[in-house]
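Structure at a glance
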Amino acid sequence: MSDESVSARRFARESMAVLDRLTESARDDVTRAAELIADCVRADGVLQAFGTGHSQAIVLELAGRAGGLVPTNRLSIADLVLYGGDAPTVLDDPLLERQAGVAARIYDLAAPRPQDLFVVISNSGVNNVIVEMALQAKERGHRLLAITSLSHTRAVPAGHPSGKKLADLADVVLDNRAPRGDALLDLPEGGAVCALSTLTGVMLVQMAVAEASAQLLATGEHPPVYVSANVPGGFEGNLELEKRYAGRIRRTAS
């Protein structure tokens, strides 16, 4: 029998408790985030979503999925190879995220328009490339929505030379309520296991998309959303919707 201090039952119980608190405490911030999203869609903008590491799971939840908004674009360090002509071996560098200029190149490769909304996701909010991307967005006049852990980011020093963290730069911050280090269950002899930020990040993204869709519907606008490609007519219908954003959204196989 597993130790009750570290068990599937305990993780389920404690993570569900966090989600219950989150859905209530984040309501005002979600409404503000939804306003940014709805304004972007109304202005014929694209949501430019960026994260590294496991934060890419939240990017994928927002960009290019069934039931999600069509005008969404996934930004990634891999864009340096996919669209920038770099050799694949550049991605082998474990310190690539800390190099100055990486975010600027990713930004330029995406060629965003002024009305595009940037959604930058990072649990710690201090990695160099994350802060650099947030700075790029703000300096180029974009609105910025951040998804981060305020508990984590307040407990660690800034990693960018500016001294800024992601939360310092955002127009709206969605706090994912993950603990410092992300893992939820403490181990008896030190350390912790079972990350929380993916669960809470997904909840925040879907709450914001739902609220933005409600705001669009309230003004007589139908949200441009994907249908599953695995239902009859879904693939063809999605291609038709994507034509409006041709050259502005990327859809890769991975």
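First things first, this report covers the structure right here in the doc. The structure presented is a predicted model; accordingly, all values stated were derived computationally and were not measured. (Residues numbered from 1 in each chain as written. Predicted model: local features only at pLDDT ≥ 70, side-chain atom pairs only at ≥ 80, totals over all residues. Heavy atoms only, no water.)

**Some words on unusual backbone geometry**
Counted only if it meets this: Each helix is a run of H or I in the DSSP string that is no shorter than four residues. Each strand is a run of E no shorter than two, and both are numbered from the N terminus. Working definition: with a 1.4 Å probe on protein chains only, accessible area under 20% of the residue-type maximum means buried, over 50% means exposed, and in between means partly exposed.
Of note, the phi angle at Ala111 is positive, near 50°, even though the residue is not glycine. Note on placement: Ala111 falls in the loop between helix 5 (102-110) and strand 3 (117-121). What makes Ala111 exposed here is its relative accessible area of 55%. Phi at Cys194 is positive, roughly 75°, even though this residue is not glycine. By the element assignment, Cys194 lies in strand 7 (residues 192-195).

**Description of the sheet that holds strand 5 (residues 172-175)**
The condition that has to hold: Strand pairing is defined by DSSP finding a minimum of two bridges between the two strands. Working convention: axes come from line fits to C-alpha atoms, limited for helices to the stretch in contact. Angles between N-to-C directions cover 0 to 180 degrees. Contact definition: two residues touch when any of their heavy atoms are within 4.5 Å.
One open sheet accounts for five strands, arranged 2-1-3-4-5; its pairing is parallel. The sheet is open, and its two borders are formed by strand 2 (72-75) and strand 5, each paired with just one other strand. Pairwise comparison of adjacent strand axes, ignoring direction, gives a mean angle of 20° for this sheet. Bridge count between strand 3 and strand 4 (residues 143-148): five bridges; the pairing is parallel. The residue bridging Val119 from the neighbouring strand is Leu145, located in strand 4. The strands touched by helix 2 (residues 27-42) within the sheet are strand 1 (47-51), strand 3, strand 4 and strand 5, with strand 5 carrying the most contacts at an inclination of about 130°.

**Details of the packing of helix 1 (residues 8-25) against helix 9 (residues 197-218)**
Helix-helix packing is characterised by the crossing angle of the two axes and by the distance between the axes. Note the following rule: Working rule for angles: under 35 degrees goes down as roughly parallel, over 145 as roughly antiparallel, 65 to 115 as roughly perpendicular, anything else as oblique. Less than a right angle of anticlockwise turn of the near helix away from the far helix marks a crossing as left-handed, whereas a clockwise turn marks it as right-handed. Polar here means any residue outside two lists: the nonpolar Ala, Val, Leu, Ile, Met, Phe, Trp, Tyr, Cys and Pro, and the charged Asp, Glu, Lys and Arg; Gly therefore counts as polar.
At their nearest, the axes of helix 1 and helix 9 sit 10 Å apart, and the two run at 30° to each other. Relative to helix 9, the element helix 1 lies roughly parallel. When the axes of helix 1 and helix 9 are compared, the crossing they make is right-handed. Taking contact as the criterion, the partners of Phe11, Ser15, Val18, Leu19, Leu22 and Thr23 in helix 1 are, on helix 9, Leu199, Thr200, Met203, Leu204 and Met207. A breakdown of the residues in the contact of helix 1 with helix 9 according to their chemical character gives eight nonpolar, three polar and no charged.

**Re the packing of helix 2 against helix 9**
At a closest axis distance of 8 Å, the pairing of helix 2 and helix 9 adopts a crossing angle of 55°. Relative to helix 9, helix 2 is oriented oblique. Judged by the sense of rotation from one axis to the other, the crossing of helix 2 with helix 9 is right-handed. On the side of helix 2, the interface is formed by Val30, Thr31, Ala33, Ala34, Glu35, Ile37, Ala38, Val41 and Arg42, while helix 9 contributes Leu204, Met207, Ala208, Glu211, Ala212, Gln215 and Leu216.

**A word on the environment of Asn127**
Mapped onto the fold, Asn127 is located in the loop between strand 3 and helix 6 (128-139). Placed 39 residues apart in sequence, Asn127 and Leu166 show a C-alpha to C-alpha distance of 8.8 Å. In this view, Asn127 contacts Thr52 and Glu97; residues no more than four positions away in its chain are not counted.

**Details of the packing of aromatic side chains**
The line we're drawing: Any two of the Phe, Tyr and Trp rings considered here, Trp counted by its six-membered ring, make a pair once their centres fall within 6.5 Å; the pair's planes then place it as stacked at under 30 degrees, edge-to-face at over 60, or tilted in between. The rule is short: NZ of Lys or CZ of Arg within 6 Å of the ring centre and within 35 degrees of the ring normal puts a charge over the ring.
Evaluated as defined, the whole model comprises one aromatic pair. For the pair Tyr107 and Phe118, a centre-to-centre distance of 5.6 Å together with 20° between the ring planes defines the contact as stacked. Note that Tyr107 is positioned in helix 5 and Phe118 in strand 3, a separation of 11 residues in sequence. Above the ring of Tyr83, the side-chain terminus of Arg250 is found at 3.9 Å from the ring centroid.

**So, empty space enclosed by the protein**
Operational definition: As defined here, a cavity is a set of points on a 1 Å grid over the protein atoms alone where a 1.4 Å probe fits but cannot get out. A pocket is an open set with protein on both sides within 12 Å along at least five of seven lines, and residues line them when an atom is within 4 Å of a point. Grid points are joined across faces, edges and corners, and a volume is the space filled by probe spheres set on the points.
Scanning the entire structure with this criterion turns up one cavity of 30 Å³ or more. There is about 40 Å³ of room inside the largest cavity. Forming the boundary of the largest cavity are Ile37, Leu62, Val119, Leu145, Ile147, Leu174, Leu204, Val205, Ala208 and Val209. Ranked by residue count, the leading element in the lining of the largest cavity is helix 9, at four residues. Within the lining of the largest cavity, the residues separate by chemical class into 10 nonpolar, no polar and no charged.

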